[in-house]
Amino acid sequence: MSEAQPVDTPKTRRWRLPLAITAVLIAAALGWAGAVVFAPRHGALDATRYTTVEVVPGSVGSTLSLNVVAAWAPQSVGTNDAVGVVTSVALESGKEVIAGTVLYAVNLRPVVVAQGSTPSFRDLTRTSEGDDVVQLQQLLATLGFHSQPADGVFDRTTEQAVKAWQRSLGVPVDGVVRVGDIVFIPSLPVRVWLDADVIARGNRVVGGERAVSTLHGSPEFRIPVTEQQSAAIPTDAVVKLDAPTGDVWEATVSGRETDTDGQMQILLAPTHGDFICGDACAAIAVSEQTTYSGRIELVPEVDGLVIPSAALDAKADGTVVVLDASGIEHKVEILASARGMSAITGLDQGTRVRIPAKG
């Protein structure tokens, strides 16, 4: 007799679906759940395409800080013709001189400066004639020792004037002007630089040394730069230097050149007046370079309403617009742009504009 088989009753009957149908239903349920959880709200993608910023007052500009080097370029104009030992140096290099100024002394005999284009080349005594005598007579007249016309003839009147001058200097009074007593230079007054390797107390001089130079105007101002820095600096850019007096000197980029060492140099010229250093040039050291802190205006600073440059949209016709928070275009004019910001006109302060402009 066979075993009895279980019979399903209404309470125990269960639905059995094929396995493939069950898997499809589970996948559909998971997909719906993911869509509900991760899908952005309506319009959320549009909302993240841009942000807005407020138009505010400010300034826009760009500067580059570099060292500015000042160096004099002395021009040799006179030789020492005295022979002996330099016993004193009366002049500080870089000081302005006038006719009759004592420069230094050799064997206790002063050497003075006078104006003239003809250099000293001989002793001047009675019966001497020539352009050098004219220059001597002009010097004596300037100092108040000679009242006759400068005719180039060393006569008795000139001799008496020379003796009076010699007494004022404290040298032997013999009426003879020795070749080394005067250094003639083309123009006076002028700032003078003495070669310290030649004219120094205790040095022996034999005559013919080029020892006297003039400093005309002001030192040269330059900025050593790399080629990359040079490319970023526009010609006519304004440069501001911190002067030792506490003032600010202003200059303009005037050119470029490469020095003998291969270093690129930015050349500067005065923006106002004759000299970059104004009336303070005499305070700049003559014997060595002087370095100042400088700021080059790559983009001159402009005051106005400021927005990020990313808010600007250039049209095909060349006009520039921005979009306000409502998406309305406003035509604007750019006054200056630097470092990602722009100063503009054409908008009211407080307006909110879109960034980026094109979303």
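The coordinates are above.
Here the structure is a predicted model, which is why all the values come from computation and not from measurement.

Enquirer: So what about the overall build of the protein chain? Which residues, and what values?
Expert: For the protein chain, the helix and strand inventory stands at five helices and 21 strands. If you take every contact in the protein chain between residues at least 6 apart in sequence, the share linking residues at least 24 apart comes to 66%.

Enquirer: Can you lay out the pairing of strand 13 (residues 238-242) for me, pointing to particular residues and giving the numbers?
Expert: Only one face of strand 13 is buried, namely the one carrying Val-239 and Leu-241, since none of Val-238, Lys-240 and Asp-242 on the opposite face is buried. Two elements, strand 13 and strand 14 (residues 248-258), share five bridges in a ladder whose sense is antiparallel. Within strand 14, the position partnered with Lys-240 by the bridge is Glu-250. Hairpin connection from strand 13 to strand 14: five residues lie between these consecutive antiparallel strands, with Gly-246 at a positive phi of about 95°. Here three bridges tie strand 13 to strand 16 (residues 290-308), and the two strands are oriented antiparallel to one another. In the strand pairing of strand 16, Lys-240 is matched with Arg-295.

Enquirer: So, the packing of aromatic side chains: which residues are in play, and what are the values?
Expert: Per the stated rule, a full pass over the model turns up three aromatic pairs. Here the aromatic rings of Phe-221 and Trp-249 are separated by 6.3 Å at their centres, their planes lie at 85°, and the arrangement is edge-to-face. Of this pair, Phe-221 sits in strand 12 (residues 220-225) while Trp-249 sits in strand 14, placing them 28 residues apart in sequence. A relative accessible area of 3% means that Phe-221 is categorised as buried. A relative accessible area of 8% means that Trp-249 is categorised as buried. Ring geometry for Trp-249 against Tyr-292: centres 5.4 Å apart, planes inclined by 65°, an arrangement best described as edge-to-face. Of this pair, Trp-249 sits in strand 14 while Tyr-292 is found in strand 16, placing the two residues 43 residues apart along the sequence.

Enquirer: A description of the pattern of salt bridges should follow, citing residues and the corresponding values.
Expert: The tally for this structure, following the rule as stated, stands at ten salt bridges. Across the pair Arg-222 and Glu-220 runs a salt bridge, and its minimum N-O distance is 3.5 Å. For Asp-313, the salt bridge is made with Lys-315, and the minimal N-O distance between the two is 3.6 Å. The class for Asp-313 is buried, based on a relative accessible area of 11%. Given a relative accessible area of 31%, Lys-315 falls into the partly exposed group. Ionic contacts of the salt-bridge type, sharing partners, join the residues Glu-220, Arg-222 and Glu-257 into one network.

Enquirer: Lay out the sheet that holds strand 4 (residues 84-89) in plain terms, naming residues and giving numbers.
Expert: The five strands are arranged 8-7-6-4-10 in an open sheet whose pairing can be described as mixed. A single partner strand is all that each edge strand has here, and the edge strands are strand 8 (182-185) and strand 10 (204-205). In this structure, strand 4 lies alongside strand 6 (residues 102-106), joined through three bridges in antiparallel fashion. Paired with Val-89 across the strands is Tyr-104, a residue of strand 6. The strands that helix 3 (residues 131-142) touches are strand 7 (109-115) and strand 8; relative to strand 8, the one it contacts most, it runs at about 100°. Relative to strand 7, helix 4 (residues 156-169) is tilted by about 125°, and along the sheet it contacts strand 6, strand 7 and strand 8.

Enquirer: Explain the environment of Thr-235 residue by residue, including any values.
Expert: Following the sequence through the fold, Thr-235 ends up in the loop between helix 5 (227-232) and strand 13. Residue classification places Thr-235 among the partly exposed positions, given a relative accessible area of 47%. Put simply, Thr-235 and Val-253 are 18 residues apart on the chain and 5.4 Å apart in space, counted from C-alpha to C-alpha. Not counting chain neighbours up to four residues away, the residues in contact with Thr-235 comprise Val-253 and Arg-256.

Cut-offs used in this document
- What you see as residue numbers is a count from 1 along each chain, following the sequence as written.
- Owing to the predicted nature of the model, reporting of local features is limited to residues with pLDDT of at least 70; listing and counting of side-chain atom pairs is limited to 80 or more, with chain, interface and lining totals taken over all residues.
- Think of the side-chain values as coming from all heavy atoms in the structure, minus any hydrogens and water.
- We count a stretch as a helix when DSSP gives it H or I for four or more residues in a row; a strand needs E for two or more, and each element gets its number in order from the N terminus.
- Residues count as neighbours in contact if any of their non-hydrogen atoms are within 4.5 Å of one another.
- Burial classification: accessible surface area is computed with a 1.4 Å probe over protein chains only, and a residue below 20% of its type maximum counts as buried, one above 50% as exposed, and the rest as partly exposed.
- At least two bridges found by DSSP between two strands are what make those strands a pair.
- Between the rings of Phe, Tyr and Trp (Trp by its six-membered ring), a pair exists once the centres lie within 6.5 Å; its type follows the angle of the planes, with under 30 degrees stacked, over 60 edge-to-face, and the other angles tilted.
- A pairing counts as a salt bridge when a side-chain nitrogen of Lys or Arg comes within 4 Å of a carboxyl oxygen of Asp or Glu.
- Each axis is a line fitted through C-alpha atoms, and for a helix only the stretch in contact is used; angles between axes span 0 to 180 degrees, taken between their N-to-C directions.

Nothing here speaks to function; it is geometry throughout.
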